[in-house]
Amino acid sequence: MSRHTFRCTVGLWVVLTANVVCLADRPNIIVIMTDDQGYGDLSCHGNPDLQTPHLDQLYDQSVRFTNFHVDPTCAPTRSALITGRYSLSTGVWHTIAGRSFLHPDEVTLANILQDAGYATGMFGKWHLGDNYPCRPHDRGFDHAIYHGGGGVGQTPDLWGNDYFDDRYFHNGEPQQFTGYCTDVWFDEAMRFMGTERDQPFFCYLLPNAPHGPFLVDEKYSKPFVERGISQNRANFYGMLVNIDENIGRLEEFLKNEGLRENTLVIFMTDNGTAGPWYPKEGTDYTAGLRGIKGSIYEGGHRVPFFVRWPAGGIGGGRDVTHVAAHVDVVPTLMELAEAARPSGPMLHGRSLVPLLRDPKANWEKRSLVVNNQRIAVPQKYKDFVVMSDPWRLVGKEELYNLDSDRGQQNNVAAQHPEVVRQMLQTYEEWWDATSGRSDTLVSITVGSDHENPAFLTAHDWHADQIPWHQEVVVEAPAFNGHWEIDVAQSGSYRITLMERPAEANHPIAATSVVLKVGGQIFKQTIPTGAKQIHFDVELQAGRTQLKSTFTGDSGVSRGAYYASLLRQ
């Protein structure tokens, strides 16, 4: 049967066969991105210990990009994916320390699709800022349910969350939910899609699993333990089995609601596997790739990328081997949704639509760059790889030919100096194009009508040592740092300092406090048993710093791990 696909003048994809003519409206869009699931953490990619039948089915029905790349860690990947721009350009090059805030000037995929008439919803892990104007509902999402920071239980998350029956933020307001975190994200995503089914929707579904800590119901981990796999890895795999189960629930929902045919589904992950970060036993399966999460070798940033849109003729179990990346997703979905992008910073990606329609389409060869900074100020030449198939230039001195050396064991830089020179020149051009924002940090806005009070956590301190998780906060380490803040309006502010948030009902273990803000210094004695200390201050509009110091009788000092600023 002959088959042709073209775009007609009224903006519909027209799929013709010899016997049938079908019109496909602009697709609904679901992007699913799991957290810390590597290329080898699926049975369809050959993992011998793990069965993922529902993801395997999606794999069988999709166009699969087998050479698809992201950043080696989560927040940078998320910034590039949602903007179509390299993470270094977006203000996001770390996961903590105030370097994970999406720059206010960036235009997100949600902004673009919202302007094009899509209902927009996100569910799960955002990790691009917990304060205005960086929250998901500030960045184009009509409906957002998410945890704080980079994981459930981290310092910005609601106190005491542990993956089960937690409270999450719903458009910025705490709300109680019932069930396991991954189940909640999928439940709420399906509720959103069912409600918005009469218009095109964009569902951004971002489970925090299988990111550690590895917490999951025993029914998912027990089968692995019984096979001799350690508890840590059994829990990791159990979280993946639960994700797979939810993929099956989603597929059933789409069929039952009559949404499957005209819904474009993307499945991907945010970096290499984090499973082998924990005690090793059995098989650490990486599908032959070198490196894990955080690595600039292939296993740190090559991830699964499956795309299926039945009504649009995208699927069929076809492989695309050209190098592609997270920055390509925005231009690809813009083309498929016929959505225009408002003026904004330049896109770095390229639409993958020609390859989605024909994996053998003419495709101009190109180079892509991945880097891993995770420091206060990005440094040129730190932890980078230039990718131009079949070559990988890892740093300045390692060159690998993936056609003959998939595992990157044989450095051939000495044999190919001209390739090294050309790829280094590519990196130089990339750095010049992307590093301009590395000295312009995004501040936390306080005193805005959009968020008053603003709630600050030590996760976002500018410091060398960060209490990034609630378990660290409980230990009360002698760490300190400052917050970079942007005062939206001059006026009177009440600043409240806490060792733990109000819902923890925990007294401050100190006898005195010093507050430095806006060039002013304030001091107080802390009454025994006090859980909060308040300062009423005058602040001028503009950027400044806020730093506090709690000191006890022993002379040990540390910062307030939590603070709120209320414009009065």
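Everything here concerns the structure above.
Residues numbered from 1 in each chain as written. Predicted model: local features only at pLDDT ≥ 70, side-chain atom pairs only at ≥ 80, totals over all residues. Heavy atoms only, no water.

Asks: Run through the environment of Asp-142, naming residues and quoting values.
Replies: With respect to the element layout, Asp-142 can be found in the loop between strand 7 (119–124) and strand 8 (143–146). Sequence separation between Asp-142 and Asn-111 is 31 residues; the distance between their C-alpha atoms is 9.9 Å. Here Thr-120 takes part through its backbone nitrogen, which lies 2.9 Å from a polar atom of the side chain of Asp-142. (Helix = DSSP H or I, 4+ residues; strand = E, 2+ residues; numbered from the N terminus. Polar contact = N/O pair within 3.5 Å; in protein donor to acceptor, adjacent residues only side chain to side chain.)

Asks: Any details on the pattern of salt bridges? Residues and values, ideally.
Replies: Where side chains of opposite charge bring their charged atoms close, a pairing between them can arise. Scanning the model with the defined rule gives 28 salt bridges in all. For Glu-261, the salt bridge is made with Arg-260, and the minimal N-O distance between the two is 3.2 Å. Taking relative accessible area as the criterion, Glu-261 reaches 45% and is therefore assigned partly exposed. Between Asp-328 and Arg-366 there is a salt bridge whose closest N-O contact spans 2.5 Å. Of this pair, Asp-328 sits in the loop between strand 16 (324–325) and helix 9 (329–337) while Arg-366 sits in the loop between helix 10 (353–357) and strand 17 (368–371), and the two are 38 residues apart along the sequence. No difference in accessibility class separates Asp-328 from Arg-366, as the two residues are buried. Within the structure, one salt-bridge network assembled from shared partners comprises Asp-35, Arg-78, Lys-125 and Asp-270. (Salt bridge = Lys/Arg side-chain N within 4 Å of Asp/Glu carboxyl O. Buried < 20%, exposed > 50% of the residue type's maximum accessible area, 1.4 Å probe, protein only.)

Asks: Provide a residue-level description of helix 2 (residues 74–83), including the pertinent values.
Replies: Burial of helix 2 is extensive: ten of the ten residues sit out of reach of the surface. Listed in full, the buried residues belonging to helix 2 are Cys-74, Ala-75, Pro-76, Thr-77, Arg-78, Ser-79, Ala-80, Leu-81, Ile-82 and Thr-83. The secondary structure elements touched by the buried residues of helix 2 are strand 4 (28–34), helix 3 (87–90), helix 4 (109–115), strand 11 (201–206), strand 12 (263–269) and helix 9. Phi for Gly-84, located one or two positions after helix 2, is positive at around 75 degrees. (Contact = heavy atoms within 4.5 Å.)

Asks: Could you give an account of the pairing of strand 30 (residues 562–567), naming the residues involved and the relevant values?
Replies: Of all six residues that make up strand 30, five are buried, and the element is covered over most of its length. Bridge analysis of strand 22 (residues 454–457) against strand 30 gives four bridges, and the strand direction is antiparallel. By the bridge assignment for strand 30, Phe-455 is matched with Ser-564. Two elements, strand 24 (residues 491–498) and strand 30, share six bridges in a ladder whose sense is antiparallel. Looking at strand 30, one finds that Ile-495 is bridged to Leu-565. (Pairing = 2+ DSSP bridges.)

Asks: Explain the packing of aromatic side chains to me, using residue names and the numbers behind them.
Replies: Within a pair of aromatic rings, the relevant descriptors are the distance that separates the centres and the angle that separates the planes. Tallying each qualifying case throughout the model produces 31 aromatic pairs. An aromatic cluster is built from Tyr-86, Tyr-381, Phe-384, Tyr-427, Trp-430 and Trp-431, whose rings are joined through pairwise contacts. In this structure, Arg-290 packs its charged tip against the face of Tyr-297, placed 3.7 Å from the ring centre. (Phe/Tyr/Trp six-rings, centres within 6.5 Å; stacked < 30°, edge-to-face > 60°. Lys NZ or Arg CZ within 6 Å of the ring centre and 35° of its normal.)

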